[in-house]
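One-letter residues, chain by chain:
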Amino acid sequence: MGAAAVVPLLTVEERIRAWCAKFDKDRLVIHPNNRLRFLFDLLVIVCVVYSSISGPVMVAFQTKFLQGVDISLNIIFLCDLVLQFFHGYVVDGFVEMSLRKSARRYAKTWFALDFIAAFPFDLVHTSMEGIELIKTIRLLRIRRLMRQWGSLQ
């Protein structure tokens, strides 16, 4: 009878580190020319246009309409907020597909504005005055989307 092989016991932290070392996080980055990304960006542009029309109307006339659409917009904007961390981008004619660089770039540029524009304040705190005014910040997303649109063509 031979001696049994000794297998070192790894702590949970060591197991997680080993798994993360094997997992290539850059595979999660979405290429700038991805067709689904293009279609989703078109959807977001349509949602921003709708918000740019309905938001000021709701503020001016102090009315609420199509609440189901508003909830759908919140979901789409929150999905866009998360997906932006995974979008590759072009620098000096080269595609950057590093998750770390993409996330860092988004966090330093558009994240704060997108977070304020996408956060569903009306669902979190219904008695908050000026909710619709905060939602008009979504209009500022048009600038970013137009820049994205230019890079898509």
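Residues numbered from 1 in each chain as written. Predicted model: local features only at pLDDT ≥ 70, side-chain atom pairs only at ≥ 80, totals over all residues. Heavy atoms only, no water.

**Student:** Tell me about the nonpolar core, and name the residues and values.
**Tutor:** Formed by Phe40, Val44, Ile45, Cys47, Val48, Leu73, Ile76, Phe77, Ala118 and Leu145, the largest nonpolar core amounts to 10 residues. Broken down by secondary-structure element, the contributors of at least two residues to this core are α2 (35-61) and α3 (67-83). Here the element with the most residues in this core is α2; it accounts for five residues. Excluding residues that lie within four positions of it along the chain, Leu145 makes contacts with Val44, Ile45 and Val48. (Core = buried A, V, L, I, M, F, W, Y, C linked by side-chain atoms within 4.5 Å. Buried < 20%, exposed > 50% of the residue type's maximum accessible area, 1.4 Å probe, protein only. Helix = DSSP H or I, 4+ residues; strand = E, 2+ residues; numbered from the N terminus. Contact = heavy atoms within 4.5 Å.)

**Student:** Got a sec to walk through the pattern of salt bridges? Specific residues and values, please.
**Tutor:** One pass over the structure, following the stated rule, counts two salt bridges. Arg37 is paired through a salt bridge with Asp41; the nearest N and O atoms lie 3.6 Å apart. Placement of both Arg37 and Asp41 in helix α2 is noted, with a separation of four residues, approximately one turn of the helix. Take Arg37 and Asp41: they sit in the same class, and that class is buried. (Salt bridge = Lys/Arg side-chain N within 4 Å of Asp/Glu carboxyl O.)

**Student:** How would you sum up the packing of aromatic side chains? Please name residues and give values.
**Tutor:** Enumeration according to the criterion identifies five aromatic pairs in this entry. Here the aromatic rings of Phe85 and Phe111 are separated by 5.3 Å at their centres, their planes lie at 55°, and the arrangement is tilted. Of this pair, Phe85 sits in the loop between α3 and β1 (89-91) while Phe111 sits in helix α5 (residues 111-118), placing them 26 residues apart in sequence. Here Phe111 falls in the partly exposed class, since its relative accessible area comes to 27%. Between Phe111 and Phe115, the aromatic rings sit 5.9 Å apart at their centres with planes inclined by 35°, giving tilted as the arrangement. Taken together, the residues Phe111 and Phe115, both in helix α5 and four residues apart, mark about one turn of the helix. Here the aromatic cluster, defined as three or more aromatic residues joined through ring pairs, consists of Phe85, Tyr106, Phe111, Phe115 and Phe119. In this structure, Arg105 packs its charged tip against the face of Tyr89, placed 4.0 Å from the ring centre. (Phe/Tyr/Trp six-rings, centres within 6.5 Å; stacked < 30°, edge-to-face > 60°. Lys NZ or Arg CZ within 6 Å of the ring centre and 35° of its normal.)

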